[in-house]
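Survey of secondary and tertiary structure
These are the residues of each chain, in order.
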Amino acid sequence: MTAVQTTLRDYSLTGVEAAAALENGLANGRWFQADIDPKRLAELSVRTNGRAAVDMALWIALIIGSGLLAWTVRDSWWAIPAFLLYGALTGGAADARWHECGHGTAFRSGFLNDLFYFPASFMLNRQALFWRWSHFRHHTDTIIRGRDAEIVFPRPPSFTAAALLFSNVKNGPVAMLGTVKTAFGRLDENTIELVPPEDHRRLIRHARVYALIWAAAIVASLVTWTPWPVLFVGGPTLYGAWFYIFFGITQHAGLQENVLDHRYSTRTVLMNPVFRFLYLNMNYHIEHHMFPTVPYYALPQLHEEIKDQLPPPNPSTLHTYAEIIEAFRHQNVDPDWEIQNRHIPDVPGRRAQIVQVTEWAGDSGRTDLGPADLAPGDLRAVQIAGVDFVLVRTEDGDHVLADRRCTHGEADLSMGLVLGCELECPKHNGRFDLRTGDPTRKPIRQPLGVQPVTESDGRLYIT
Ligand code: FES
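Throughout what follows, the structure given in this document is the object of discussion.

Reading guide: rules and limits
Each residue is numbered by its place in its chain's sequence as written, counting from 1. Totals for whole chains, interfaces and linings use all residues, but because this is a predicted model, local features are given only for residues with pLDDT of at least 70 and pairs of side-chain atoms are given and counted only at 80 or more. With hydrogens and water excluded, all non-hydrogen atoms of the structure serve as input to the side-chain values. Side-chain rings of Phe, Tyr and Trp (the six-membered ring for Trp) are treated as a pair once their centres are within 6.5 Å; stacked means planes under 30 degrees apart, edge-to-face means over 60, and tilted covers the remaining angles. Counting from the N terminus, the helices are the DSSP runs of H or I reaching at least four residues and the strands are the DSSP runs of E reaching at least two. Burial here depends on accessible area, computed with a 1.4 Å probe over protein chains only, as a share of the maximum for the residue type. Under 20% is buried, over 50% is exposed, and the range in between is partly exposed. Geometrically, a lysine NZ or arginine CZ counts as sitting over a ring once it is within 6 Å of the ring centre and also within 35 degrees of the ring normal. Cavity: a set of points on a 1 Å grid over the protein atoms alone where a 1.4 Å probe fits but cannot get out. Pocket: an open set with protein on both sides within 12 Å along at least five of seven lines, its lining residues, like those of a cavity, having an atom within 4 Å of a point. Grid points are joined across faces, edges and corners, and a volume is the space filled by probe spheres set on the points. Two strands form a pair only when DSSP identifies at least two bridges running between them. Helix axes are fitted only over the stretch in contact, all axes being lines through C-alpha atoms; the angle between N-to-C directions runs from 0 to 180 degrees. To estimate how far a helix should extend, the number of its residues minus one is multiplied by 1.5 Å. Here, nonpolar core means buried Ala, Val, Leu, Ile, Met, Phe, Trp, Tyr and Cys residues that are tied together by side-chain atoms lying within 4.5 Å of each other. This arc is built from the directions going out from the helix axis to the C-beta atoms. Salt bridges are counted wherever a side-chain nitrogen of Lys or Arg sits within 4 Å of a carboxyl oxygen of Asp or Glu. Here a polar contact is taken to be a pair of N or O atoms separated by no more than 3.5 Å, where protein atoms must pair a possible hydrogen donor with a possible acceptor and residues adjacent in sequence count only if both atoms sit in side chains.

For the rest of this paragraph, the subject is the packing of aromatic side chains. Geometry of an aromatic ring pair is reported as the spacing of the ring centres plus the angle between the planes. Summed over the entire model, instances satisfying the criterion amount to 24 aromatic pairs. Taken together, a centroid distance of 6.5 Å and an interplanar angle of 85 degrees make the contact between Phe83 and Tyr86 edge-to-face. With Phe83 and Tyr86 both in helix H4 (residues 79-92), this residue pair falls three residues apart, about one helical turn. By relative accessible area, Phe83 is classed as buried at 6%. One aromatic cluster is present, built from ring pairs that chain together Trp242, Phe243, Phe246, Phe247, Phe275, Tyr279 and Tyr321. The ring centre of Trp98 lies 4.4 Å from the NZ or CZ of Arg126, which sits over that ring. One Lys or Arg, Arg366, reaches over the ring of Tyr461 and ends 3.9 Å from the middle of that ring.

What follows is about empty space enclosed by the protein. Overall, the coordinates contain two cavities of 30 Å³ or more when judged by the stated rule. If you trace the largest cavity, you find it lined by Trp98, His99, Gly102, His103, Tyr117, Trp131, Arg132, His135, Phe136, His139, His428 and Asn429. Broken down by secondary-structure element, the contributors of at least two residues to the lining of the largest cavity are helix H5 (94-103) and helix H7 (128-140). The dominant element in the lining of the largest cavity, judged by the number of residues it contributes, is H7, at five residues.

Pairing in this open sheet of three strands is antiparallel, and the strands run S2-S12-S11 from one edge to the other. Lying at the two open borders of the sheet, with one neighbouring strand each, are strand S2 (367-371) and strand S11 (454-456). The sheet shows a mean angle of 35 degrees between the axes of neighbouring strands, direction not considered. Strand direction decides the pairing type here: S2 and strand S12 (residues 459-462), joined by four bridges, are antiparallel. Following the sheet pairing, Pro371 is matched in S12 by Arg459.

A few words on helix H19 (residues 317-333). With 17 residues, H19 extends 25 Å between its outermost C-alpha atoms, agreeing within 8% with the 24 Å of an ideal straight helix rising 1.5 Å per residue. Regarding H19, the residues found buried are Thr317, Thr320, Tyr321, Glu323, Ile324, Ala327, Phe328, His330 and Gln331.

With 67 residues, the main nonpolar core has Trp59, Ile249, Met290, Phe291, Val294, Leu302 and Ile306 as its most contacted residues. Listed in part, the 14 residues of the second largest apolar core include Val400, Ala402, Cys406 and Leu413.

The set of residues buried in helix H1 (residues 16-23) consists of Glu17, Ala18 and Ala21. Seen along its axis, H1 keeps its buried residues to an arc of 105 degrees; they face one direction. Pointing more than 90 degrees away from the buried face of H1 are the exposed residues Val16, Leu22 and Glu23. A positive backbone phi angle near 70 degrees is found at Gly25, which sits one or two residues after H1.

Attention shifts here to the pattern of salt bridges. The final tally for this structure, using the stated rule, is 32 salt bridges. With a closest N to O distance of 2.7 Å, Arg47 and Glu424 form a salt bridge. Of this pair, Arg47 sits in the loop between helix H2 (38-44) and helix H3 (49-72) while Glu424 sits in strand S7 (residues 422-424), and the two are 377 residues apart along the sequence. With relative accessibility at 3%, the residue Arg47 sits in the buried group. Of the residues examined, Glu424 reaches a relative accessible area of 0% and is grouped as buried. Taking the shortest distance from any N to any O, the salt bridge between Glu198 and Arg445 comes out at 2.9 Å. Here the residue Glu198 occupies a position in the loop between helix H10 (189-194) and helix H11 (200-224), and Arg445 occupies one in the loop between strand S9 (439-441) and strand S10 (450-452), the gap between them amounting to 247 residues. Under the relative-accessibility criterion, Glu198 is labelled partly exposed at 47%. Bridged by salt links that share partners, the residues Arg9, Glu17, Arg145, Arg155, Glu257, Asp336 and Glu338 form one connected network.

Let us now look at the sheet that holds S9. Spatially, four strands are ordered S6-S7-S8-S9 in an open sheet, and the strand pairing comes out antiparallel. A single partner strand is all that each edge strand has here, and the edge strands are strand S6 (417-419) and S9. Sheet twist, expressed as the mean angle between neighbouring strand axes with direction ignored, is 30 degrees. Sheet analysis places S6 next to S7, joined by three bridges and oriented antiparallel. Residue Val418 lies in a different strand from S7, and its bridge partner there is Leu423.

This part covers the environment of Asp373. Along the chain, Asp373 turns up in the loop between S2 and strand S3 (379-384). Sequence separation between Asp373 and Leu460 is 87 residues; the distance between their C-alpha atoms is 9.2 Å. Within the structure, the side chain of Asp373 is placed 2.7 Å from the side chain of Arg380, a separation counted as a polar contact.

Here it is, written out as structure tokens:
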């Protein structure tokens, strides 16, 4: 094996690779999507409060149980495994809850998603607003150098970096220091790049809350002269992180960079039911990236729908780690080396949606949009004189003609999801109010063009 290039590539969001990504059309690009019947996708995208509530309740019960266990055995050596378990469930398993609620897909209710998103962010010491924006970018430009701030292993990867990552002895304190700096109003380069200015004040407020809670735990530990307060509050961020790293590494490590197809940059790994509960099915990671409107509990069914268009899933976590270690061994000396034996099916991907083509009526009258045959919650792509729209029927039964392209990025809203009177974008789960076009969920900030539709004699019209 000959060494090709072993200097670290530039992964900063403002460096040469960032400029190259823009120049080469890799930023906010058009991604491969597997073909799936839009109606089936809409079925799989249905969220229920009940299912997520049961899973969250079980998680909270496990945290309380492990915390009580750790407290009970605190004066013995059993405290070590008991706290490791408690840390894994709080500073580790919070990651999957944070992720799913951040997408707004765990619960149907936005309030409930936020209710879990913010505490889970604290458990992980993730500045909630920064990571929300960072994760939008991760979905826009997955594993694109200079664009994605969530690339865990810059190339060439090293086993030392992996060991440091797992131990969290470097990243954990650095992240805590970063939060304290934010609390003092000092925003770093990535925050300025990713978080829009209107969110900066809230970001700083949240960081102050984190810092105050940590300070209270430290003071309590000093006053009682025991480690228990910091081991229960704040500490799990440091000593529980290994747990989410254990799962998170399987998502992209060792796979291709700079390719607009998640089948090359992302893995699906078959895992046992316990892992799948703790990780909330994020092992179906290609499926999640391709169709982020689908909640975690429907990802196994989505996998069944599209698996013929994806590389075969890795058969186990162990197999995945063996694959990553092998990739790191090669990429350490040759950063261009790629995993050889992933079979990516040669399929065309999502077909263009059936578009109903019509013409403007002109000055005189109404434009006919065809029969009023949409069920509540359905949508259809429509083209009027070469301009793309999406015809939507809200769950209240009203019809709306909306622009087809999302105002945030490269997304086709005819693959979106109707939730009540809102339309959710299939790319980053941003939402529009269909009655006004106003954005109701970030990352969308610009309104969507919407026009009211009238129904007459079983046909739909705009005037
Ligand atoms: S493209 Fe980002 S929310 Fe639509």
